[in-house]
There are 6 protein chains.
Amino acid sequence: MTKPHRIVVEPLVRTALLEDLAHGNDLTTDSIVSAETHATAGIVARAPGVLAGLDAALLAFELLDPGAVRASRPRADGERIERGDTIVALEGRARTLLTGERTMLNILCHLSGIATATRALVDTVAGTKATIADTRKTTPGLRALEKYAVRCGGGSNHRFGLDDAVLIKDNHLALAGSIRQAVARVRTVAGHMVKIEVEVDTLDQLREALNERIDAVLLDNMNPATLAEAVRIVDGRVITEASGGIRHENVRAVAESGVDLISIGYLTHSAPQLDLGLDIVL
Amino acid sequence: MTKPHRIVVEPLVRTALLEDLAHGNDLTTDSIVSAETHATAGIVARAPGVLAGLDAALLAFELLDPGAVRASRPRADGERIERGDTIVALEGRARTLLTGERTMLNILCHLSGIATATRALVDTVAGTKATIADTRKTTPGLRALEKYAVRCGGGSNHRFGLDDAVLIKDNHLALAGSIRQAVARVRTVAGHMVKIEVEVDTLDQLREALNERIDAVLLDNMNPATLAEAVRIVDGRVITEASGGIRHENVRAVAESGVDLISIGYLTHSAPQLDLGLDIVL
Amino acid sequence: MTKPHRIVVEPLVRTALLEDLAHGNDLTTDSIVSAETHATAGIVARAPGVLAGLDAALLAFELLDPGAVRASRPRADGERIERGDTIVALEGRARTLLTGERTMLNILCHLSGIATATRALVDTVAGTKATIADTRKTTPGLRALEKYAVRCGGGSNHRFGLDDAVLIKDNHLALAGSIRQAVARVRTVAGHMVKIEVEVDTLDQLREALNERIDAVLLDNMNPATLAEAVRIVDGRVITEASGGIRHENVRAVAESGVDLISIGYLTHSAPQLDLGLDIVL
Amino acid sequence: MTKPHRIVVEPLVRTALLEDLAHGNDLTTDSIVSAETHATAGIVARAPGVLAGLDAALLAFELLDPGAVRASRPRADGERIERGDTIVALEGRARTLLTGERTMLNILCHLSGIATATRALVDTVAGTKATIADTRKTTPGLRALEKYAVRCGGGSNHRFGLDDAVLIKDNHLALAGSIRQAVARVRTVAGHMVKIEVEVDTLDQLREALNERIDAVLLDNMNPATLAEAVRIVDGRVITEASGGIRHENVRAVAESGVDLISIGYLTHSAPQLDLGLDIVL
Amino acid sequence: MTKPHRIVVEPLVRTALLEDLAHGNDLTTDSIVSAETHATAGIVARAPGVLAGLDAALLAFELLDPGAVRASRPRADGERIERGDTIVALEGRARTLLTGERTMLNILCHLSGIATATRALVDTVAGTKATIADTRKTTPGLRALEKYAVRCGGGSNHRFGLDDAVLIKDNHLALAGSIRQAVARVRTVAGHMVKIEVEVDTLDQLREALNERIDAVLLDNMNPATLAEAVRIVDGRVITEASGGIRHENVRAVAESGVDLISIGYLTHSAPQLDLGLDIVL
Amino acid sequence: MTKPHRIVVEPLVRTALLEDLAHGNDLTTDSIVSAETHATAGIVARAPGVLAGLDAALLAFELLDPGAVRASRPRADGERIERGDTIVALEGRARTLLTGERTMLNILCHLSGIATATRALVDTVAGTKATIADTRKTTPGLRALEKYAVRCGGGSNHRFGLDDAVLIKDNHLALAGSIRQAVARVRTVAGHMVKIEVEVDTLDQLREALNERIDAVLLDNMNPATLAEAVRIVDGRVITEASGGIRHENVRAVAESGVDLISIGYLTHSAPQLDLGLDIVL
């Protein structure tokens, strides 16, 4: 798993810390715990799942108090963990551990929740050729991290923004008049390193799309039978992506249609957190 | 519901838009849709729930292209909506609608999901004296908005950060030596406008806490019977808050113990989004 | 004294340094002093007072040139110092000392001036039960630091913003219609960790306020005799705060009325700086 | 008076507002005052003085709620005002007036305090050729505004940073070896648009400085008689500036020595605020 | 030409204005020109070329003083202009025009210089199938705008960053061991919307690359004859890009080799500005 | 050469890195190169020139991955380098070297290009008294660095912004009515540390300007003969600056007119980059 660079992650972690410390102090810890008190602590799993986001989470301690907390990491992002597992062993200033605890956990539990949800779907479609992918339905400000969490769970990333790939949707088609027109206009702007995907609702639209030089088709809201027919029509010429209304219950059926990719907004907009805690030994 | 001020919300919305436009362009829309094309659109509910975050969501269009999109709002934050309801009617530049759509929906669906989850719990405890409250287990960068969404769902806000109220937890107590010591140290720092709450695990600890001048007790991980006993012991002298392991299944039983407040991290760390969509009529 | 966290203070120190270096260079020092020249220096008191702000002040050197200057601190924030005392002994790159000197002193002299003014009032009311408190009449951008300086001088902090506690003033009352209405409306929004104070101008208003569940009353612009009567009426049920027109001359009389708290804007809006200098030994 | 451009002032005003609203809401106003309530208000002088900072102060309302408050200004920056004068008449949303009040006043009272202190000294030296000037002893983050306030009071600005002019002080001289060496090194770096001033402690040093091509001399801590002798020696060849230990009591004597400029740190580091208030008529 | 969104461009223009106004004022204009003086002005070409960057350039006036300057634009980005042509007619506050002039021109002349240089190369290869493309050799902070300028000149954009497409270079190949290994590793990370290009130095390497599922090959530093041979080998299976040492003198020969794309760093790292001026009529 | 302070340079380098990594990852390097792989590398000249910007350029590695890359520097800013010279020897994490390479080179090649162009002109006028100076025609966001590069090339800096010196141009004169009026108005605002230059088009205007107390005259667009006459008229009373239409071809003739300063926008708006490369030895 390639981790997002610190230079991209740091502003978010800083913002999160300032949500707790806007007026300057942790009123509880700063008055009760002396600056000299040291402690050890463990990040411990309270439920099974898949880990994601350790670097970003631990950055909370580092930004709060550079060098004050040392971490050793028996477990790494992307690994499956069981209830009771110690993920990270921490040691250092007690104040920093207590003040940074919530920010650290908020990041780690959220991202691990996404990795866990992704892994569950990836396992469900195991043995098919389908890859589970994310969408742009991410939490504001967390896209790079959430898409990293999807990778930790064994999923694949769809485009990262509106600026790195082209996805021509129904509204674009309506305005362009035809798939041909839409692709032509895009080609006048997009460079040679930009992939183009077209969303189609019907098999007729699919056939129309295949007449153009495109890289992928998004098969929107089709049932498994129609998807299988679409895969036959495409016959390997472009990447096939199923999307819309896919959940745990039907993802296997969708995968068995033979599509290359199944994209699921749920991974990043509705996955519950993974329950992890910080046990401090003072 | 008092909305977070725009000056606080704007940086998050700007960050979210830049996640889509970091390299400068919406490659698809900017090349297919002309700057002159206008459209109307409706934000439509695809599931029932409670609305939250309209101002923040619509700010996406305003920051993207000031004045380009006008909104009329048949529905307001905090209202229950049904599948099929039109929440907002939009009219303006088609480009702005298409480019801002995802950021707008990511904000609105996430916050409405929290309001919906909150409302479900609030309704479940209706008739008891218990208030449903949030925690600091929020998504990094979204705390002010998520706590607003909890209010939209009929819930109440616990403290906003480590800087606006004191909550003395088990680790603080261990370091201070006793509840008396901990409260004394806090009093040397916290001004007269700061409330103090103490977390207790047992009824003995509760009795010890009640000897101090505090404002609230957090009754951690107690079952309904113990909670009821705790409420009897407190006898109205301080606010009683139940916390830990409370879910939809047991929240009513907890509420019937007579506690004033039930705080639930789930509201902000695991509530699924509310499904809303943007229907564009070109 | 609990110090504001570095993550909150750093942006202000950075801004201050850039006020001196916006165009990139210290034209004088950078051309005259070589990068290799080392020096020792002492921060020395040129007048007696109380120290505040050492961490923030010394951060100027650290942000300018990480690791270039080492400091040993014979004296600490909150201590009384006499004319001629050496507060800090510095050693390191001469350039850094010379370029950072003014920013460092501007922070330290300003905050120590506030601590000194606070201590003078605290001493004046010694033996009474009154605590000296600050207000929100702070210098733009320096609130967390200025409130810390008040703590260094032995004072107490009133609320930090409009977002951490409720103070219902005359204008709010006028709009709400009555104290009862105002408190009721606030209760629908403020969580259980928020304290509520009501400003009253007369003893009748005070009696009205005491009928509501509030935490404190601000007794506005009352003379010592009226304050004493107010304290008798309150009889310990809520915190009593005297405010308005209180200066060094009359603060003792106010304190002897028996109020819990005396809040004074002067501490943060008009305290003169404490005269400290940097003596460099090249 | 040339006002600092809005693009420079806006970040400070935004920071100041966020000190009050970090967690999102004005808990008092937002819950008591409806968004529809309008009010009129007046900024009124509670003491005589000189006005400074109206644009920056009123920007608080504009950033909080664009277009919500309209202002008419009977009085302008730089004007003398008397107790009871209405400085600005405001009209608009009551919420915005109440929430922005403190930030607005904190800016206006602070800057007007500086203008008032400056004007008092300017008047004291009236009839002499001396100009009253500021220093770099300003409040962190407020330099551009505080130096503007000095201009509003009839004073003149010394350099704005370390980057716009050269002032060779005793420490620089010690490191360079001689005034000649110091000026020579500076000339290798500073462009033709940079003025050079040298600080001298004695008349011998003054004579040495006058051998170099410099623009001004800072006569440090000299008494009026020595200053008069220095002025005779300089004989109009460079600008003469008196500095160090000058206060209201001795500024006239210093001015009568014939120096061109008297620089006084007090103006920006210790001037008390001017008492102005906001009277709201609901 | 699709323009970069304002939300992306605004920070750069703001930074540029602050380079001129860091200490708050335009010392010359603010003192000489009254706030009421109006003027008309024209942006006029002093040399022939291609226009690029009008929106970004005019944003300087808008950010400086919202609404103070109105512009009518006889000419648009991407158009060829002749010496003497009026590009934009401006009307409004004289102060704003004078203070914003340099920032506006610095942006417009720089970007138009890039568009002009691009157009010259595009014209030189006219009639061949080759497209002229940019690189990541852009000026720090200006990438989105410079790549837009290349589009204005008729060129095409290579990838925008390291984050939107894959380009496997010699160093990557050395570390991976083989092209096969390198592509395989990339495929484990890059999603289906990411294009992959491989840099090859020899025809043998080219043949090796064509065995993998890639989208483009960068033919590095090959002469026209070798390029022609490479094009024959590729036979339309992937996009062919020539790069390295290509200048005005040899670009036609390179284009005639039949490559799809010629990428040239010169466009963005060394194109001289286009000479445009602001003629103010007071 | 005095280098711009890191606190001023860092934001630009950070922005440049984020242009490459906005979405979080270097898709190519992060997937192919392991975090443990080390490498050595050299920054090597591919053309002769003058070096400028090493600190700023190497900051790219440091911000990307603190401590990951160590540099030894055989050559320093301001030195002449020949094709093939190794400028810097680097050693450290291969990933950091590969990901930071382009940002590092974009900074170093651009600034060294400016230093090289400056040095060429400085050498051309060697033996005359003329100094080569820059202008405010700089690339947005890079002014402090570009003006430093000019110093590295042996040139001198004109003013840095509109805020550090006064230059009265034709438009200002037209609005003021006369040079006398313009200078008088400026004197009411500009402090004693601000230099004043007046732009003149004719010798008559020059004579008029010399009647005022100013520091320099900008002789606009005059031919060498007229410049020589102007120098005679000025007779050393103020600094003389030639500007307008000066290029490599005519700069020597201009210099021989006897002017003090020749300012040339070309240095910063049109100098081609210096070709430097990073050779990595894995």
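The shown structure was predicted, so the numbers you read here are calculated from the model rather than taken from an experiment.

## Some words on the relation of the copies chain B and chain A
When chain B is fitted onto chain A, the two copies agree to an RMSD of 0.0 Å after a turn of 180 degrees and an axial shift of 0.0 Å. Those values place the two copies in the arrangement expected of a two-fold rotation axis. Of the interface residues in chain B, 100% have counterparts in chain A that sit at the interface too, so the contact is made through matching surfaces.

## What about the interface of chain B and chain A?
With 58 residues of chain B at the interface, the matching set in chain A holds 58 residues. Summing both partners gives a buried area of about 5100 Å² for chain B against chain A, and 61% of it is carried by carbon and sulfur. Looking at the side of chain B facing chain A, the largest losses of area belong to Leu 27, Ile 32 and Leu 162 of chain B, adding up to 15% of the total buried there. Put simply, chain B and chain A have 4 salt bridges between them. The salt bridge involving Arg 136 of chain B is made with Asp 20 of chain A; its shortest N-O contact spans 2.7 Å. Secondary-structure elements contributing two or more residues to the side of chain B that touches chain A are α1 (6–21), α2 (29–32), α4 (94–124), β7 (166–168), α6 (170–176) and α7 (179–189) of chain B. If one sorts the elements of the side of chain B that touches chain A by residue count, α4 of chain B sits on top with 7 residues.

## A closer look at the side chain of Thr 96 of chain A
All names here are of chain A. With respect to the element layout, Thr 96 can be found in helix α4 (residues 94–124). Looking at Thr 96, the relative accessible area reads 3%, which means it is buried. Sequence-distant contacts of Thr 96, defined by excluding residues within four places in its chain, comprise Phe 61, Leu 64, Asp 65, Ala 68, Val 69 and Glu 101.

## Quick look at the relation of the copies chain E and chain D
When chain E is fitted onto chain D, the two copies agree to an RMSD of 0.0 Å after a turn of 120 degrees and an axial shift of 0.0 Å. What the superposition gives is, in effect, a three-fold axis relating one chain to the other.

## What to know about the sheet that holds strand β1 (residues 38–45) of chain F
Residue and element names in this part refer to chain F. With antiparallel pairing, 4 strands are arranged side by side in an open sheet as β3-β5-β1-β12. What marks the edges here is a single partner per strand, and that holds for β3 (69–72) and β12 (276–281). Averaged over all neighbouring strand pairs, the angle between strand axes comes to 20 degrees, with direction disregarded. Its contacts with the sheet place helix α3 (residues 54–64) against β1, β3 and β5 (86–93), and it is angled at close to 20 degrees to β5. The sheet contacts of helix α4 (residues 94–124) involve β1, β3, β5 and β12, and relative to β12 the element is tilted by about 160 degrees.

## A closer look at the pattern of salt bridges
Applying the stated criterion across every chain yields a total of 114 salt bridges over all chains. Salt-bridge contacts for Asp 55 of chain A lead to Arg 73 of chain A; the nearest nitrogen and oxygen are separated by 2.7 Å. Within this pair, whereas Asp 55 of chain A is found in helix α3 (residues 54–64), its partner Arg 73 of chain A is found in the loop between β3 (69–72) and β4 (80–81), the two being separated by 18 residues in sequence. On the accessibility criterion, Asp 55 of chain A (35% relative accessible area) is partly exposed. Of the residues examined, Arg 73 of chain A reaches a relative accessible area of 40% and is grouped as partly exposed. Its salt-bridge partner being Lys 3 of chain C, residue Asp 55 of chain C comes within 3.5 Å of it at the nearest N-O pair.

## Brief notes about the sheet that holds strand β11 (residues 261–263) of chain A
All names here are of chain A. Ordered in space as β6-β11-β10-β9-β8-β7, the 6 strands form an open sheet in which the pairing is parallel. Where the open sheet ends on each side, the last strands, each with one partner, are β6 (131–133) and β7 (166–168). Strand after strand, the sheet turns through a mean of 25 degrees between neighbouring axes, direction not considered. As judged from the 4 bridges shared by strand β8 (residues 196–200) and strand β9 (residues 216–220), these two strands associate in the parallel manner. Bridging across to β9, Val 200 finds its partner in Leu 219.

## Brief notes about the environment of Ala 35 of chain D
All names here are of chain D. Within the secondary structure, Ala 35 is located in the loop between α2 (27–32) and β1 (38–45). Accessibility expressed as a relative area gives 27% for Ala 35, which makes it partly exposed. Between the C-alpha atoms of Ala 35 and Thr 96, which are 61 residues apart in sequence, the distance is 8.9 Å. When residues no more than four places from it in sequence are discounted, the contact partners of Ala 35 are Arg 93 and Arg 95.

## A short note on the interface of chain E and chain D
Each partner contributes to the interface: chain E provides 14 residues, whereas chain D provides 11 residues. Here chain E packs against chain D, burying approximately 1100 Å² in sum over the two surfaces, 62% of which is carbon and sulfur. Summed over the three residues of chain E that lose the most area to chain D, namely His 23, Gly 24 and Asn 25 of chain E, the buried surface amounts to 46% of that side. Put simply, chain E and chain D have 0 salt bridges between them. Summed over the shared surface of chain E and chain D, the result is 6 residue pairs in polar contact (both at pLDDT 80 or more). No other element matches helix α1 (residues 6–21) of chain E, which puts 4 residues into the side of chain E that touches chain D. By residue class, the composition of the side of chain E that touches chain D is 6 nonpolar, 5 polar and 3 charged.

## Quick word on the pairing of strand β5 (residues 86–93) of chain C
Residue and element names in this part refer to chain C. Judged from the 7 bridges that link them, strand β1 (residues 38–45) and β5 form a sheet pairing that is antiparallel. The partner of Ile 43 across the bridge, within β5, is Val 88. Alignment of strand β3 (residues 69–72) against β5, held across 4 bridges, turns out to be antiparallel. When the bridges of β5 are listed, Arg 70 appears paired with Glu 91.

## Structural notes on unusual backbone geometry
Residue and element names in this part refer to chain B. Phi is positive for Asp 235, which is not a glycine, with a value near 55 degrees. For Asp 235, the location among the structural elements is in the loop between α9 (224–234) and β10 (239–243). On the accessibility criterion, Asp 235 (60% relative accessible area) is exposed.

## Re the state of the cysteines
Residue and element names in this part refer to chain A. Inspection of the entire model under this criterion finds 0 disulfides over all chains. With no disulfide of its own, Cys 152 has Cys 109 as its nearest cysteine by sulfur position, at a separation of 15 Å. The exposure class assigned to Cys 152 is buried, which follows from its relative accessible area of 2%.

## Quick notes on the packing of helix α4 (residues 94–124) of chain C against helix α5 (residues 143–152) of chain C
All names here are of chain C. One can describe the packing of α4 onto α5 by two numbers: an axis separation of 7 Å at closest approach and a directional angle of 40 degrees. As judged from the angle between their axes, α4 and α5 are oblique. Our pair here, α4 against α5, has a crossing hand that is right-handed. Between α4, through His 110, Leu 111, Ile 114, Ala 115 and Thr 118, and α5, the contact on the second element is made entirely by Leu 145, Glu 146, Ala 149, Val 150 and Cys 152. For the contact of α4 with α5, a count of residues per class yields 7 nonpolar, 2 polar and 1 charged.

What counts, and where the lines are drawn
- Residues numbered from 1 in each chain as written.
- Chains lettered and ligands numbered in written order.
- Predicted model: local features only at pLDDT ≥ 70, side-chain atom pairs only at ≥ 80, totals over all residues.
- Heavy atoms only, no water.
- Least-squares fit on C-alpha atoms with pLDDT ≥ 70 in both.
- Contact = heavy atoms within 4.5 Å.
- Buried area = accessible area lost by both parts, 1.4 Å probe.
- Salt bridge = Lys/Arg side-chain N within 4 Å of Asp/Glu carboxyl O.
- Helix = DSSP H or I, 4+ residues; strand = E, 2+ residues; numbered from the N terminus.
- Buried < 20%, exposed > 50% of the residue type's maximum accessible area, 1.4 Å probe, protein only.
- Pairing = 2+ DSSP bridges.
- Axes fitted to C-alpha atoms, helices over the stretch in contact; angles between N-to-C directions.
- Polar contact = N/O pair within 3.5 Å; in protein donor to acceptor, adjacent residues only side chain to side chain.
- Nonpolar A, V, L, I, M, F, W, Y, C, P; charged D, E, K, R; others polar.
- Disulfide = S-S within 2.5 Å.
- Parallel < 35°, antiparallel > 145°, perpendicular 65-115°, else oblique.
- Left-handed = near helix turned anticlockwise from the far one by under 90°.

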